[in-house]
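# Observations on chain architecture
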Amino acid sequence: TVDVVCLGESMITFVPSRSGRLADVPSFERGIGGAESNVACALAAAGHRTRWLSRVGTDGFGDHLVEAVAAYGVDTSAVRRDRLRPTGVYFRTAGERAVGDGDRAAPHTAASAVAITAEAAAEADPAAEPVAEVVYYRAGSAASAMSPRVVPDRDLWSGRILHVSGITAALSDDCLALLREATRRRPGRPLVSFDVNYRVNLWDERRSVAAEPAVLLDLARGADLVFVGEDEAEAAWNIRGAHAIRTALPEPGVVVVKQGGAGATVFTDDGPSVFVPALTVDIAAPVGAGDAFAAGFLSATLRGLPVHRRIRHGHLMAAAALTVAGDLAVPPPRAVADRLAALDDEAWG
Ligand code: KDG
């Protein structure tokens, strides 16, 4: 059997050849991105049996995505090809430290292009985390046509863990319906892991068709394990602080609140909350760090490690992702990660 099934859209990522504003970057290198396949790839690289569930076009980008994800050791046999719809693509910058001019990352708009900056809503601040400008070309993509009808239950429930994210809810009504199915409480289902992954501008588009990011709260309540950034809980739900987030999400057995560069606080059904500080690294690009964190946490969960070790494995994987320009990093070898995660508490404090 498969350990983790990851469901979601992936795209060809165009990683900038140099730093700077999107308007100034002259060339890009092809990479792969997609929150859930990032998690799948990192988990597979860490030695877990993983399956990616998605749809891509019959174009060359779809060929490359499937090949590249499979090259990490992920089972892609359930990925379907759509002859009518293309594979999504996106362009981004490396993520600049804001210069303190009070500017916001400028949203780009076009019928088929949705500009989003994960942290775009944050005011520019010299001390802030680096922010990447992101422009999506994914409206009408193959994956946006995923629905409960085209993704069969037997695929959805074929792992010990099903990992999904709120990005899917923002793609289309069909995708939202699929996510509702995936997070519906039902007897005997595998553990459902949900990363809120609030993408501001995707939701700005969806609001026009009467969908609200508040739906992410309902979806999260149907999961067993939730990953959410303190900043995104505030932006999407107007909920401030780790304890308030836990209060709003009483049902999931485990709630992981990511507190940016500070660390992460985890709430479980048994015992007090656990905080572990993040590692300090030189950031090449912030994109993909959340996915890497989820993969590290899930990997340690599968291995039955205690909560503080799960968080440490999350931080270690995130550090690896932060230090590379692409969305995905090769995680540290398990033996190395285990040694680092087992260091005494002072080393982490
Ligand atoms: O979490 C990283 C992802 O944001 C990136 O790989 C692309 O899935 C993606 C998205 O929708 O933003």
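Summary of the structure given here. Note that the coordinates shown come from a computational prediction; the quantities given were computed from them, not determined experimentally.

### Comments concerning unusual backbone geometry
With phi around 40 degrees, Asn197 is a residue other than glycine that occupies positive phi space. For Asn197, a relative accessible area of 5% translates into the label buried. Residues other than glycine seldom take positive phi values, yet Asn238 does so here, at roughly 60 degrees. Residue position: Asn238 is located in the loop between α8 (230-237) and α9 (242-248). Among the residues examined, Asn238 registers a relative accessible area of 53% and is labelled exposed.

### Re the site of the ligand
Around the ligand lies a shell of 14 residues, among which Ala35, Tyr136, Arg138, Asp291 and Asp327 are the nearest. Between an oxygen atom of the ligand and a side-chain N or O atom of Arg199, the distance comes to 2.9 Å. Within the complex, the protein chains bury 94% of what would otherwise be the 310 Å² of accessible surface of the ligand. Residues that form the shell around the ligand fall into these classes: six nonpolar, four polar and four charged.

### Quick notes on the nonpolar core
With 54 residues, the main nonpolar core has Leu7, Phe194, Leu216 and Trp237 as its most contacted residues. Within the second largest apolar cluster, 50 residues are counted, among which are Cys41, Val254, Ala320 and Ala337.

### Brief notes about the side chain of Thr76
Checked against the element boundaries, Thr76 lands in the loop between α2 (60-71) and β6 (80-82). Relative accessible area serves as the criterion here: at 16%, Thr76 is assigned to the buried category. Setting aside residues no more than four positions away along its own chain, Thr76 makes contact with Trp52, Val66, Val69 and Ala70.

### Overview of the pattern of salt bridges
Taken as a whole and judged by the stated rule, the model has 18 salt bridges. In this structure, the salt-bridge partner of Arg81 is Asp63, at a minimum N-O distance of 2.6 Å. With Arg81 in strand β6 and Asp63 in helix α2, the pair connects residues that are 18 residues apart, well separated along the chain. Arg81 sits in the partly exposed class, given a relative accessible area of 35%. Judged by its relative accessible area of 33%, Asp63 falls in the partly exposed class. For Glu181, the salt bridge identified is with Arg186, shortest N-O distance 2.8 Å. Using a relative accessible area of 21% as the deciding quantity, one classes Glu181 as partly exposed. Taken together, the salt bridges that share partners define one network made up of Asp153, Glu181, Arg184 and Arg186.

### Observations concerning helix α10 (residues 289-302)
Between its first and last C-alpha atoms α10 spans 20 Å; for 14 residues at 1.5 Å apiece the expected length is 20 Å, and the two agree. Taking burial as the measure, the 14 residues of α10 include twelve buried ones, the bulk of the element. Turning to α10, its buried residues number three or more, namely Ala289, Asp291, Ala292, Phe293, Ala294, Ala295, Gly296, Phe297, Leu298, Ser299, Ala300 and Leu302.

### Observations regarding the packing of aromatic side chains
Summed over all chains, the structure comprises eight aromatic pairs. Centroid distance Phe91 to Tyr137: 5.9 Å. Interplanar angle 85 degrees. Geometry classified as edge-to-face. One end of the pair, Phe91, is in strand β7 (residues 89-92); the other, Tyr137, is in strand β10 (residues 134-137), and 46 residues separate them in sequence. The partly exposed category is assigned to Tyr137, whose relative accessible area is 39%. Taken together through their ring pairs, the aromatic side chains of Phe14, Phe28, Phe61, Phe91 and Tyr137 make up a single cluster.

### A few points about the environment of Gly314
Counting through the fold element by element, Gly314 comes out in helix α11 (residues 307-322). Residues Gly314 and Ser299, spaced 15 residues apart in sequence, show a C-alpha to C-alpha distance of 8.6 Å. Sequence-distant contacts of Gly314, that is, excluding residues within four places in its chain, are made with Ala292, Phe293, Gly296 and Phe297.

### Structural notes on the sheet that holds strand β13 (residues 225-229)
Spatially, β4-β1-β11-β12-β13-β14-β15-β16 is the arrangement adopted by the eight strands of the open sheet, whose pairing is mixed. One side of each edge strand has no neighbouring strand; the edge strands of this open sheet are β4 (50-53) and β16 (274-277). In this sheet, adjacent strand axes meet at a mean angle of 15 degrees when their direction is disregarded. Pairing between strand β11 (residues 159-165) and strand β12 (residues 191-195): five bridges, direction parallel.

Calculation criteria
Residues numbered from 1 in each chain as written. Predicted model: local features only at pLDDT ≥ 70, side-chain atom pairs only at ≥ 80, totals over all residues. Heavy atoms only, no water. Buried < 20%, exposed > 50% of the residue type's maximum accessible area, 1.4 Å probe, protein only. Helix = DSSP H or I, 4+ residues; strand = E, 2+ residues; numbered from the N terminus. Near = heavy atom within 4 Å. Polar contact = N/O pair within 3.5 Å; in protein donor to acceptor, adjacent residues only side chain to side chain. Areas by Shrake-Rupley, 256 points an atom, 1.4 Å probe, with all protein chains shown as cover. Nonpolar A, V, L, I, M, F, W, Y, C, P; charged D, E, K, R; others polar. Core = buried A, V, L, I, M, F, W, Y, C linked by side-chain atoms within 4.5 Å. Contact = heavy atoms within 4.5 Å. Salt bridge = Lys/Arg side-chain N within 4 Å of Asp/Glu carboxyl O. Expected span 1.5 Å × (residues − 1). Phe/Tyr/Trp six-rings, centres within 6.5 Å; stacked < 30°, edge-to-face > 60°. Pairing = 2+ DSSP bridges. Axes fitted to C-alpha atoms, helices over the stretch in contact; angles between N-to-C directions.

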